[in-house]
Amino acid sequence: MSDTPVVRVVNLVKIYQTGGLPVPAVRGVDLTVEAGEFVAITGPSGSGKSTLVHMIGGLDTRSSGEIWLEGRRADTLSESGWAVLRREQIGFVFQFFNLVGNMTVADNVELPALLGGASPRHARERREYLLGELGLADRADAAPAQLSGGEQQRVALARALANQPRLLLADEPTGNLDSRNTRDVLRLLGRVHRQGQTIVLVTHDARVASMADRVVSLLDGQIVDDGAIPRVRRRPAGGAGDVVELRS
Amino acid sequence: MRQALLALLAKEPAHGYELKQALESIFGIAYPSPNIGQIYVTLGRLEKDGYVRAVDVEQANRPNKKVYYITAAGREALETWVDEPTEGPRVRDEFFMKLVLAPLTGLADRMALVNRQRRHYLSLMRDLGELAEAAERTDPANRASLLLIEGAMLHLQADLDWLERCQEELQ
Ligand SMILES: Nc1ncnc2c1ncn2[C@@H]1O[C@H](COP(=O)(O)OP(=O)(O)OP(=O)(O)O)[C@@H](O)[C@H]1O
Ligand SMILES: [Mg+2]
């Protein structure tokens, strides 16, 4: 069962057609993500990163190609079919958060777990854990509009993880964070990844990308590089670093 | 290293090994454990320039040890160093040379060069991330060490952003 990739896309294409000229945003992407893998997607602005993860999460329709999730064909699903699949298997962090405005932070985070069938008690415990890890325990009763962009973004991550989804899709989850908050997010991502969470994450932040097992680089809607980040050993084990070099 | 040693000696006279220990404790885990030989070579040069002087101190059952102290000229050199603005980081251009010249040599494909470099930078970033974690764990009070690592990470981020620009422009 664990041999089945969590994500497999084949020759995936997205062409936006809004009035005038067609805009090819994703041009023939093949990508496979195994269970437990952490894949970072990087590339310049406009290279198709958001479009790609939106299609994988069923938030945007493909123009052609195939999307398979957990061995099941997904690109042919109806909108309601996608909605069920997302609720049961996918946590999504949007580039621009998308929190429910008239619900508290706590309810935003608990909702997916409740929809996924978790008991209220379990949903609350999970919410308390996630908000705590992200330094937001004291914001649970606030409305999203009362939060800073960085806080909303962390709430969005907590919400995406509430359900312990098979697949976490995250689009720039640290885009609005300062370095201390980024560290909280990195720590949580590292922790859930070590617990087996499969992660596909779009980022410009090299600290985030460097935690991944694999980095996929997009350019003009195509993959130009896909591979593991090599291990360097600049330091002898247990020795000091060499961040500073004082010249003599 | 010259100025670091002068600064330490401006505080108080010291022998070579004490200077090594002081550098280690100030810069913490972010600093490569300085080589004692290198410290003596630098002290020798500073002495020749008239910035430091050494006195032999006798020790029981052991060879004399040299204690170094700063001279007036040394203090002046140190002040000049502190007062003048410091050069900004210079573009590290060896990779850029390879990238620009690659098509001429026919030896390498630009895309492949950029991709390999990106993976290399990311692996350095991962290493720095682990170093920062280790610093946080073992020596959290040493803010200098953590700031140095953070600075190195920000430089690396800039290198990666620039790499992306190169890939866009030169494809
Ligand atoms: N709804 C849309 N209608 C028309 N064109 C679109 C739409 N969404 C995206 N595009 C275009 O598709 C291309 C890819 O956009 P996408 O948002 O996937 O890029 P990105 O890599 O996520 O960029 P960024 O790093 O800025 O978030 C761009 O040229 C963009 O203008
Ligand atoms: Mg985007």
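Conventions used here
- Residues numbered from 1 in each chain as written.
- Chains lettered and ligands numbered in written order.
- Predicted model: local features only at pLDDT ≥ 70, side-chain atom pairs only at ≥ 80, totals over all residues.
- Heavy atoms only, no water.
- Near = heavy atom within 4 Å.
- Polar contact = N/O pair within 3.5 Å; in protein donor to acceptor, adjacent residues only side chain to side chain.
- Helix = DSSP H or I, 4+ residues; strand = E, 2+ residues; numbered from the N terminus.
- Nonpolar A, V, L, I, M, F, W, Y, C, P; charged D, E, K, R; others polar.
- UniProt positions renumbered as here; feature names shortened; annotations may be inferred.
- Buried < 20%, exposed > 50% of the residue type's maximum accessible area, 1.4 Å probe, protein only.
- Lys, Arg positive; Asp, Glu negative; His and termini not counted.
- Salt bridge = Lys/Arg side-chain N within 4 Å of Asp/Glu carboxyl O.
- Patch = residues over 30% accessible without salt bridge, like charges linked within 9 Å, V, L, I, M, F, W, Y side chains within 5 Å.
- Areas by Shrake-Rupley, 256 points an atom, 1.4 Å probe, with all protein chains shown as cover.
- Charge placed at Lys NZ, Arg CZ, Asp CG, Glu CD.
- Domains from an automatic or database assignment.
- Contact = heavy atoms within 4.5 Å.
- Buried area = accessible area lost by both parts, 1.4 Å probe.
- Pairing = 2+ DSSP bridges.
- Axes fitted to C-alpha atoms, helices over the stretch in contact; angles between N-to-C directions.

**A short note on the site of ligand 1**
All names here are of chain A. Neighbouring residues of ligand 1: 14 residues in total, closest Ser 45, Gly 46, Lys 49, Ser 50 and Thr 51. Side-chain polar atom of Thr 51 to an oxygen atom of ligand 1: 2.5 Å apart, as the coordinates give it. Contributing elements (two or more residues each) for the shell around ligand 1: strand 2 (22-33) and helix 1 (49-56). With 3 residues, helix 1 is the largest single contributor of residues to the shell around ligand 1. Each residue belonging to the shell around ligand 1 can be placed in one class, and the counts come to 4 nonpolar, 9 polar and 1 charged.

**Points about the UniProt feature "domain: Transcription regulator PadR N-terminal" (unreviewed entry) in chain B**
Feature annotation in UniProt assigns "domain: Transcription regulator PadR N-terminal" (unreviewed entry) to the following positions: residues 5-79 of chain B. Note that residues 5-79 of chain B is 53% helix and 23% strand, and that its end C-alpha atoms are spaced 13 Å apart.

**Considerations on the side chain of Asp 171 of chain A**
Residue and element names in this part refer to chain A. Inspection of the secondary structure assignment puts Asp 171 in strand 7 (residues 167-171). Among buried Asp, Glu, Lys and Arg side chains, Asp 171 stands out as unpaired, with Lys 49 the closest opposite charge at 6.9 Å. Among the polar contacts made by the side chain of Asp 171, one reaches the side chain of Ser 50 at a distance of 2.5 Å.

**Examining a negative patch on the surface**
A cluster of acidic side chains, namely Glu 76, Glu 79, Asp 83 and Glu 84 of chain B, defines a negative patch on the protein surface. Relative to the assigned elements, Glu 84 of chain B resides in the loop between helix 4 (72-83) and helix 5 (94-105).

**Focus on the domain arrangement of chain B**
All names here are of chain B. When cut into domains, chain B gives domain 1 (2-83) and domain 2 (94-170). The interface is formed by 6 residues belonging to domain 1 together with 10 residues belonging to domain 2. A combined buried area of about 500 Å² lies between domain 1 and domain 2, and 70% of that area is made up of carbon and sulfur atoms. The largest per-residue losses of area from domain 1 upon contact with domain 2 belong to Phe 27, Ile 29 and Ala 30, which jointly make up 79% of the total buried on that side. Across the contact surface, domain 1 and domain 2 share 0 salt bridges.

**What to know about the sheet that holds strand 4 (residues 64-69) of chain A**
Residue and element names in this part refer to chain A. The sheet built from 4 strands is open, its strands ordered 2-1-4-5 with antiparallel pairing. What marks the edges here is a single partner per strand, and that holds for strand 2 and strand 5 (72-73). As defined by bridge partners, strand 1 (residues 7-17) adjoins strand 2 across 9 bridges and the pair is classed as antiparallel. In the sheet register, Ile 15 faces strand 2, and the bridge partner there is Pro 24. Helix 1 rests against strand 1, strand 2 and strand 4 of the sheet, and its axis sits at about 120 degrees to strand 1.

**Focus: the interface of chain B and chain A**
At the junction of the two partners, chain B supplies 40 residues and chain A supplies 36 residues. Around 3200 Å² of area is buried between chain B and chain A when both sides are counted, 56% of it from carbon and sulfur atoms. Sorting the residues of chain B by area buried against chain A places Arg 119, Arg 126 and Asp 127 of chain B first, and these three jointly supply 21% of that buried surface. The partner of Arg 118 of chain B in a salt bridge is Asp 225 of chain A, with the nearest N and O atoms 3.9 Å apart. Here chain B and chain A share 9 residue pairs in polar contact (both at pLDDT 80 or more) between them. At the level of elements, helix 1 (2-11), helix 2 (16-27), helix 3 (36-48), helix 6 (110-138) and helix 7 (143-170) of chain B are the ones that each hand at least two residues to the side of chain B that touches chain A. Looking at side-chain class alone, the side of chain B that touches chain A contains 19 nonpolar, 9 polar and 12 charged residues.

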